[in-house]
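What the coordinates show
Each chain is listed here by its residues.
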Amino acid sequence: MRVEELILEESFRLVNRGGEIDREILAPYCCDLLSFAMGRMPAGAAWVTVMGNVNTLAVASLTDAACIILAEGSHLDEAAAKKAAEQGITVFETELPIFEAALLIYHKLHG
Amino acid sequence: MANTITMSYEVPGGDFTRAGEASSSLKGSLKKMNVDPDIIRRVAIAMYEGEINMVIHANGGKIDVIISPDEIEMILTDEGPGIEDIELAMQAGYSTAPDNIRTLGFGAGMGLPNMKKYTDEMKIESQVGVGTTVRMKVKL
Ligand SMILES: Nc1ncnc2c1ncn2[C@@H]1O[C@H](COP(=O)(O)OP(=O)(O)OP(=O)(O)O)[C@@H](O)[C@H]1O
Ligand SMILES: [Mg+2]
């Protein structure tokens, strides 16, 4: 599944359109502790988290995540929104709980 | 040694909006040099963790990256409080990060273990009240 397919998803709101919107999502990944995510997140992940600060963007970029999904109604803060635009990272926001957001992606990947 | 490139970065203390800039910048440079993507990922992750540690725990510092034909070496030097018990600090889950840092998502105590996991060699020298030097090598 490509990142751009999530734009059509009703419960997801695109808040930053990144450069690689046609990238393939390989797996959902959930964790809010940045060093855990840094150590364990596979490349090409759709990273579901509630942390919307600049460090989230840095971790997503360094681990080569396909996109970030901010769940539970959380938002990018101002500095993070700027960074997302600068670095061209695709970010969605959703009211869904973390598990449900990740499950939605899992179902899209595995039918 | 012939054919080595050294790159140096200043890491400002306490500025979380800029933390990670040195790692991002190095990542960009390695990409331009056509370094293997998996190596870039390992180097970038290790360097980011070290960079963040300097910002959070040591009020900044400097990083030298030496790229030679067979390895990439990262030397992170700070004049922070130092680490009293290095073995303890290396344990997964050990962290002295304060609450305001934890709310940003740090403080899992996984930074140093990640640095070890993603590099081929890692050495920490530290003296309380003087500072810390972390050396990491990734083989090419
Ligand atoms: N450069 C440093 N100067 C002084 N103390 C340090 C330095 N780097 C690490 N430490 C100490 O070692 C501990 C463990 O570091 P580590 O990076 O593993 O975890 P953390 O930074 O606390 O949390 P995390 O990296 O998971 O966000 C720190 O909490 C701190 O006490
Ligand atoms: Mg750390």
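Residues numbered from 1 in each chain as written. Chains lettered and ligands numbered in written order. Predicted model: local features only at pLDDT ≥ 70, side-chain atom pairs only at ≥ 80, totals over all residues. Heavy atoms only, no water.

Next up on the list: the overall build of chain B. The helix and strand inventory of chain B stands at five helices and five strands. Going residue by residue from the N terminus, the α and β elements of chain B occur as β-α-α-β-β-α-α-α-β-β. Rg of the C-alpha trace for chain B: 14 Å, near the compact-globule value of 14 Å for 140 residues, within the 12% margin. With the C-alpha coordinates of chain B rotated into their principal frame, the extents come out at 40 × 30 × 25 Å. Split into buried and exposed, the 140 residues of chain B put 51% on the buried side. (Helix = DSSP H or I, 4+ residues; strand = E, 2+ residues; numbered from the N terminus. Rg over C-alpha atoms; globule rule 2.2 N^0.38 Å. Buried < 20%, exposed > 50% of the residue type's maximum accessible area, 1.4 Å probe, protein only.)

For the rest of this paragraph, the subject is the nonpolar core. Within the largest apolar cluster, 61 residues are counted, with the highest numbers of intra-cluster contacts made by Trp-47 of chain A together with Ile-63, Val-65 and Met-74 of chain B. Looking at this core element by element, the count peaks at 12 residues for helix 2 (residues 37-58) of chain B. The next biggest cluster of nonpolar side chains, apart from the first, holds 19 residues, and it includes Met-1, Val-48, Ala-71 and Ile-98 of chain A. (Core = buried A, V, L, I, M, F, W, Y, C linked by side-chain atoms within 4.5 Å.)

So, on to the sheet that holds strand 1 (residues 12-16) of chain A. All names here are of chain A. Across the sheet, five strands lie side by side as 1-5-4-3-2; this open sheet has mixed pairing. Of all strands in the sheet, those with a lone pairing partner are strand 1 and strand 2 (27-30), marking the two edges. Pairwise comparison of adjacent strand axes, ignoring direction, gives a mean angle of 25° for this sheet. Note: strand 2 against strand 3 (residues 45-49), four bridges, orientation parallel. Paired with Ala-27 across the two strands is Ala-45, which belongs to strand 3. (Pairing = 2+ DSSP bridges. Axes fitted to C-alpha atoms, helices over the stretch in contact; angles between N-to-C directions.)

Low pLDDT marks regions whose predicted coordinates should not be analysed in detail. Averaged over chain B, the pLDDT score is 95; the fraction of residues at 70 or greater is 99%. The complex prediction reports pTM at 0.92, with the ipTM value standing at 0.84. (pLDDT = per-residue confidence, 0-100.)

This part covers the site of ligand 1. Around ligand 1, the structure places 22 residues, and the nearest of them are Ser-95, Thr-96, Gly-107, Gly-109 and Met-110 of chain B. Looking at what sits near ligand 1, you find residues from chains A and B. A distance of 2.9 Å separates a nitrogen atom of ligand 1 from a polar side-chain atom of Asp-78 of chain B. Take Gly-109 of chain B: an N or O atom from its main chain is 2.8 Å from an oxygen atom of ligand 1. With the chains in place, 96% of the 600 Å² that ligand 1 exposes on its own is no longer accessible. Breaking the shell around ligand 1 down by element, the ones donating at least two residues are helix 2 and helix 5 (111-118) of chain B. No other element matches the four residues that helix 2 of chain B contributes to the shell around ligand 1. A breakdown of the residues in the shell around ligand 1 according to their chemical character gives 10 nonpolar, 10 polar and two charged. (Near = heavy atom within 4 Å. Polar contact = N/O pair within 3.5 Å; in protein donor to acceptor, adjacent residues only side chain to side chain. Areas by Shrake-Rupley, 256 points an atom, 1.4 Å probe, with all protein chains shown as cover. Nonpolar A, V, L, I, M, F, W, Y, C, P; charged D, E, K, R; others polar.)

The next point concerns the interface of chain A and chain B. The interface is formed by 24 residues belonging to chain A together with 22 residues belonging to chain B. With both chains or domains summed, chain A and chain B bury close to 1800 Å², and 54% of this area falls on carbon and sulfur atoms. Contact with chain B buries surface across chain A, with Ser-35, Met-38 and Leu-62 of chain A losing the most and accounting together for 33% of the total. Applying the counting criterion to the chain A and chain B interface returns zero salt bridges. Where chain A packs against chain B, one counts nine residue pairs in polar contact (both at pLDDT 80 or more). (Contact = heavy atoms within 4.5 Å. Buried area = accessible area lost by both parts, 1.4 Å probe. Salt bridge = Lys/Arg side-chain N within 4 Å of Asp/Glu carboxyl O.)

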